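Given next are the chains, with one letter for each unit.
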Amino acid sequence: MFSIVRTLWDVFLHSFQRRVTRQYPEQPAYLPPRWRGRIVLSRDPDGGERCVACYLCAIACPVDCIALQATEDSNGRRYPEFFRINFSRCIFCGYCEDACPTYAIQLTPDFEMSEYKRQNLVYEKEDLLISGTGKYPGYNFWRVAGVQIDGKDKGQSEREEPPTDLRQLLP
Amino acid sequence: MAIIYIDDKPHQADAKQNLLHACLSLGFNLPYFCWHPALGSVGACRQCAVKQFRTPDDKHGHLVMACMIPAVEGTRISIHDPEAVAFRAGIIEGMMQNHPHDCPVCDEGGECHLQDMTVMTGHNYRRYDFPKRTFRNQYLGPFVNHEMNRCIQCYRCVRFYREYAGGNDFNVFGIRNTAYFGRYQDGVLESEFAGNLDEVCPTGVFTDATHKHHYTRKWDLQFAPSVCVHCGLGCNISPGERYGTLRRIVNRYHGDINGYFLCDRGRHGSEFVNSDQRIRQARLRRNGQLQAVSKAEALEHIRQVLTSSSRVIGIGSPRASLEANFALRAAVGERNFFAGIFQRELRLLNRVLDVLRNGLAPAASLREMENSDAVLVLGEDVTNYAPRMALSLRQSVRQGPMAMADKLKIPHWLDHSVRELAQDSKGPLFIASIAATRLDDVASETYHAAPDELARLGFAVAHKLDDNAPAVSGLTLEQTALAERIAQALRSARQPLIVSGLSCHSTAVISAAANIAQALRRTGQPSRVTFTVPECNSVGLALLGGRPLEDAFAAVRNRAADTVIVLENDLYRRASVQDVDALLLGAKHVIVLDHLTNATSTKAELVLPAATFAESDGTLVNNEARAQRFFQTFVPQPDVQESWRWLRDAIIASGRQDFAAWENLDHVIASMAVEVPALAAASKAAPDATFRMSGAKVPRQPERYSGRTAMLANIDLSEPKPPDDPDSPLSFSMEGSPDQPPSPLIPFAWSPGWNSYQAWNKFQEEIAGPLRGGNPGVPLVEAAAQPQQEYVRDVPAPFQPGDGEWLIVPFYHIFGSEELSIHSHGVKQLSPGAYLAMNDKDAERARLRPEDRIEFTIAAISYQAALKVRADLPQGIAAIPAGIEPLQGIQLPDWSRIVRVA
């Protein structure tokens, strides 16, 4: 009998305590920048697509939910012809971000992607591509890579000598 | 065999080989770059360093390059010695100094020997912070992409291109760390084997240019063991597919045939599979127009046609599988089955088979050709007719000088020393052909003449070898002397080889080759013969039998047949427009099964979409009568199916329900073995569909195949079940047995730590030797134990140039003459246009100048072409390119006048 009254009392007292339940979505949750949520494709500082379609995210993905096709523009710059993530399969492990050699694919602090139709969880490149650099400002793979693209000749990458003159005779 | 000690454990090794060869054969992982199983050792890259010890008590030891030390009895080495490990890591670090930060955009990534070796040595962090040297790239043609920054100066490319493949428009320029590998200026690489640079280069300097526009990593491709369909040699290939299109072809090692290399036609000739000319749905002619119809409608139409026809005839094809041809034969009956080639070609093929069956000399595989020390090529331009054979013949001329190396006790694998010793000396290779060939640079002597004269030379050689052989009267002094020199070379050789074939279209030439083999045999000299054949299943078709094409024309002309089924055969490429028109328009119903829209299929009443080699399974018989199975790489669109399945469905539709028992390929093969005993052995070409390894099928996809749950998600989120494969023990999945499959079932080369093509090391009994369990394929022709001893005695009369007429012969071109490969962009770019070539003196006499528009007439049809003048063509002979539009459907050789078009 006493314990019942005691319980009622305890419950009554709780109505004066601070609420633990967060009033989501009116009250948004704090998510740290390294939260592994919705995946995006970022752009390099010059505004070009960062993704070079190297397929490393696809091979790293443990649930195989990334599919893409590489293609090349007329100036030798490689990019994905299509890039598809099936978020109904994604486990947000972040391996794709780890594998990405160009900082193109990034996980963001956003998990609000519920859909009434599962089919809508399939994101194409247009859905994934953002306009900024995301978490990694400054890096541009093409400034480091040795291949020639539009606007960057051979020998103009970081830490590169000018192209060898094959007709010089000096040792 | 010798006992060598590796890390204090005894192992068996081949004493004639080097330590690197021994270590790799024993399954050790020892990194290397400049060494290549087919190219030998030069000791340039310093990567395969191991510690060698003089005695069991020697604890100090010294570093040696494993590829430069013979594996002699008692050799003691350590692979895992810390000093050797550190040395190897240092070498890699040095190579990586200038290697660009390209892997994500490099086509070699994921199958890169440099990546593998870097991981193997453990180098993982860059310490060198200074600028990297850079180079400008070159345009090297439609097949090879050049990215020179990535070079690690292993010199494999020049060694392959110049020394192995005999090209001379590619070299190394510059010095020290600026050595440059390329041409003296931009341009198409001249060698027909340049595509092999993709695989020879251990990194991404040379990559497949045709793969670039739809690039896919190796781990994402679905492979199947397959056989090349672009000539009669039957090289083994691994086609790779992604997203329903064929992406590329790579070499699949076969110890007896292609080894490590393919020709560029084989490697790049398969774009037709993705062509927009493909027939992907059944088409039925309604109101004069071909319209797409469903499978059911097509079969209903077939039922009506077959039940209402009085006599149905079938025309087979030398480019369709044995099973497809056999199914056609079963559908129409043996009496109504026509081989799809003319009597002339059928007779030549049967003559070749007679020689092989007679057992005068065993048929030489390409590998055996490399070991021949005297070769006579009679009538063939092998580079253009059976391209991969040219690469093997090029190696044969090295056998002679090897005797010098033996004398000085230089091992054969010590490549640079052997070549330095040999200098320009070459073993005997005699080429008797109509005109100059691409092998002439290594030939000891060449002889250009009309086919009959080539045959006479062959008969004369046989007579020189054995007096009982028929003598040839009326030889010129020059011919007699040449025959004597050839006979002398063949007589004194250890393993002479005679190469002949069908490209001259002359029975006399083949008989002359047979006589030489007979003469050598009678004089107690073991020799080998090989014959080139035009298409991938020419020999199979000849073994299956069937009547010649002209009989089919006659049957329709005489109203003896009213319905014609044409199997994978563009008749307009074989016969004249009049003849084919008469057949296709004369028959009441024409049903065509083919892959591509062509002249024949556009005239048909019903066109059925037949699966290509990449979409079907089947058996092909190559020029040595070796039956090899090719397997389906990917599942095509639903209406496209194997020719034999269409034909089975047609038979069932016509009311013969017993053919419903043909559920899979094995049932067709079993039925074929009963009906055609000559092909019974074909069932042993590969394990049947019930074969399992540890209870599982062989996976077609690499373990790390990616995108399974996303590649079709745009269509439907629920992933479809992987397609079943009732026809083979392979699965369309990455799941399956992890064990090494038997050699006919290896879809691609991969082994843990070995992602590049060098992984073939792990599939061979010994390095560069046969695959484990034997090389794929079974011989279909048994040589007679007691060869028939008779010589062929009908020596042709000397060739007489015509009076105002020329003997027109076909010239084959590696790029352009073959029907399917011409649909590849690169092949089309490199193919010649229509021309007629003539001797310069003939042209002068006829008052014709180069580039004149000329006209010639064969079988009452006139053709026009531009005139080419060639000094190497014999007088009285004119040549036109074979199979090149519009010079198709001409039966050659034949005589014609040649006149200038006003």
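Here the structure is a predicted model, which is why all the values come from computation and not from measurement.

Cut-off values and rules
- Residues numbered from 1 in each chain as written.
- Chains lettered and ligands numbered in written order.
- Predicted model: local features only at pLDDT ≥ 70, side-chain atom pairs only at ≥ 80, totals over all residues.
- Heavy atoms only, no water.
- Helix = DSSP H or I, 4+ residues; strand = E, 2+ residues; numbered from the N terminus.
- Buried < 20%, exposed > 50% of the residue type's maximum accessible area, 1.4 Å probe, protein only.
- Contact = heavy atoms within 4.5 Å.
- Areas by Shrake-Rupley, 256 points an atom, 1.4 Å probe, with all protein chains shown as cover.
- Lys, Arg positive; Asp, Glu negative; His and termini not counted.
- Charge placed at Lys NZ, Arg CZ, Asp CG, Glu CD.
- Rg over C-alpha atoms; globule rule 2.2 N^0.38 Å.
- Buried area = accessible area lost by both parts, 1.4 Å probe.
- Salt bridge = Lys/Arg side-chain N within 4 Å of Asp/Glu carboxyl O.
- Polar contact = N/O pair within 3.5 Å; in protein donor to acceptor, adjacent residues only side chain to side chain.
- 1 Å grid on protein atoms, 1.4 Å probe; cavity = no way out; pocket = protein on both sides within 12 Å on 5 of 7 lines; lining within 4 Å.
- Points joined across faces, edges and corners; volume = space filled by probe spheres on them.
- Nonpolar A, V, L, I, M, F, W, Y, C, P; charged D, E, K, R; others polar.
- Domains from an automatic or database assignment.
- Pairing = 2+ DSSP bridges.
- Phe/Tyr/Trp six-rings, centres within 6.5 Å; stacked < 30°, edge-to-face > 60°.
- Lys NZ or Arg CZ within 6 Å of the ring centre and 35° of its normal.

Caption draft 1: The arrangement of the overall build of chain B in detail. Secondary structure assignment for chain B yields 25 helices and 37 strands. With respect to the principal axes defined by its C-alpha atoms, chain B has extents near 90 × 80 × 60 Å. Counting only residues that meet the buried cut, chain B has 65% of its 902 residues in that class. Here the analysis covers contacts within chain B between residues at least 6 apart in sequence; of these, 74% occur between residues at least 24 apart. Working note: accessible area of chain B is about 32100 Å², and carbon and sulfur atoms make up 51% of it. Counting 92 positive and 101 negative side-chain charges, chain B places the averaged centre of each group 1 Å from the other.

Caption draft 2: Fine view of the overall build of chain A. Across its full length, chain A holds 5 helices and 6 strands. Each helix (α) and strand (β) of chain A, taken in turn from the N terminus, gives the series α-β-α-β-β-α-β-β-α-α-β. In terms of overall dimensions, chain A is more spread out than a globule: its C-alpha atoms have a radius of gyration of 25 Å, far above the 16 Å expected for 171 residues. Considering only C-alpha atoms, chain A reaches an extent of 105 × 35 × 25 Å along its principal axes. Buried positions account for 40% of the 171 residues belonging to chain A.

Caption draft 3: Up close: the interface of chain B and chain A. Taken together, the contact between chain B and chain A spans 48 residues of the former and 51 residues of the latter. Summed over both sides, the interface of chain B with chain A buries roughly 3900 Å², with 50% coming from carbon and sulfur. Applying the counting rule to chain B against chain A returns 8 salt bridges. For Glu 72 of chain A, the salt bridge goes to Lys 212 of chain B, with nearest N and O atoms at 3.3 Å. The interface formed by chain B and chain A contains 31 residue pairs in polar contact (both at pLDDT 80 or more). Counting residues per element, the side of chain B that touches chain A draws most heavily on strand β6 (residues 132-134) of chain B, at 3 residues.

Caption draft 4: The arrangement of the layout of surface pockets in detail. Approximately 1300 Å³ is the volume attributed to the largest pocket. Of all elements in the fold, only α2 (56-60) of chain A together with α3 (113-121) of chain B reach the threshold of two or more residues within the lining of the largest pocket. Sort the elements by how many residues they give to the lining of the largest pocket and α3 of chain B lands first, with 5 residues. By residue class, the composition of the lining of the largest pocket is 20 nonpolar, 11 polar and 12 charged. What the second largest pocket holds in volume is close to 1100 Å³. If you trace the second largest pocket, you find 37 residues lining it, with Gln 17, Arg 367, Asn 371, Gln 399 and His 412 of chain B closest to the centre. Going through the elements one at a time, α10 (366-370), α12 (387-396), α13 (399-407) and α14 (415-422) of chain B are the ones with two or more residues in the lining of the second largest pocket.

Caption draft 5: Representation of unusual backbone geometry within the structure. Residue Tyr 24 of chain A is joined to Pro 25 of chain A through a cis peptide bond whose omega torsion reads 10 degrees. Structurally, Pro 25 of chain A is set in the loop between α1 (2-14) and β1 (39-41). Following Leu 892 of chain B, the chain continues to Pro 893 of chain B via a peptide bond in cis, the omega torsion being -5 degrees. Summarising the element assignment, Pro 893 of chain B is placed in the loop between β36 (877-881) and β37 (894-900). Positive phi values are uncommon outside glycine, yet Tyr 155 of chain B reaches one of about 70 degrees. The phi dihedral of Arg 559 of chain B falls on the positive side, at around 60 degrees, and the residue is not glycine. Among the structural elements, Arg 559 of chain B can be located in the loop between α19 (549-557) and β24 (563-567). Since its relative accessible area comes to 66%, Arg 559 of chain B is described here as exposed.

Caption draft 6: Region of the structure containing the domain arrangement of chain B. Residue and element names in this part refer to chain B. We note that the domain assignment places domain 1 (2-96), domain 2 (346-538) and domain 3 (805-900) within chain B. The partner domain 3 presents 14 residues to the 14 residues of domain 2 that form the contact. For the pair domain 2 and domain 3, the two sides together bury roughly 1100 Å², of which 67% comes from carbon and sulfur. Where domain 2 touches domain 3, the interface holds 0 salt bridges. Here domain 2 and domain 3 share 3 residue pairs in polar contact (both at pLDDT 80 or more) between them. At 3 residues, the largest contribution of residues to the side of domain 2 that touches domain 3 is made by helix α11 (residues 382-385). Residue composition of the side of domain 2 that touches domain 3, grouped by class: 9 nonpolar, 5 polar and no charged.

Caption draft 7: The arrangement of the pattern of salt bridges in detail. The tally for this structure, following the rule as stated, stands at 61 salt bridges over all chains. A salt bridge links Asp 46 of chain A to Arg 143 of chain A; the nearest nitrogen and oxygen atoms lie 3.1 Å apart. Of this pair, Asp 46 of chain A sits in the loop between β1 and α2 while Arg 143 of chain A sits in helix α5 (residues 141-144), and the two are 97 residues apart along the sequence. Given a relative accessible area of 56%, Asp 46 of chain A falls into the exposed group. Taken together, the salt bridges that share partners define one network made up of Arg 159, Glu 163, Arg 398, Asp 415 and Arg 419 of chain B.

Caption draft 8: Layout of the sheet that holds strand β25 (residues 589-594) of chain B. Residue and element names in this part refer to chain B. The 7 strands lie next to each other as β16-β15-β26-β25-β24-β17-β18, forming an open sheet whose pairing is mixed. The open sheet has two free edges, formed respectively by β16 (289-293) and β18 (337-338), since each of these has just one partner strand. Strand direction decides the pairing type here: strand β17 (residues 312-315) and β24, joined by 4 bridges, are parallel. The partner of Val 312 across the bridge, within β24, is Thr 563.

Caption draft 9: Molecular detail of the packing of aromatic side chains. Residue and element names in this part refer to chain B. Within the structure shown, the criterion is met by 33 aromatic pairs over all chains. Three or more aromatic residues joined by ring pairs make a cluster, and in this case those are Tyr 253, Tyr 260, Trp 760 and Phe 763. Taking the ring centre of Tyr 5 as reference, the NZ or CZ of Arg 76 above it sits at 4.3 Å. Looking at Arg 242, its charged tip hangs above the ring of Tyr 243, at a distance of 4.6 Å from the centre.

Caption draft 10: Expanded view of the pairing of strand β27 (residues 618-621) of chain B. Residue and element names in this part refer to chain B. The alternating pattern of β27 places Gly 618 and Leu 620 on one face and Thr 619 and Val 621 on the opposite face, and all of these are buried. Pairing of β27 with strand β28 (residues 626-630) involves 4 bridges; the strand directions are antiparallel. Bridging across to β28, Val 621 finds its partner in Ala 627. What sits between β27 and β28 in their antiparallel hairpin is a turn of 4 residues, with Ala 625 showing a positive phi close to 65 degrees.

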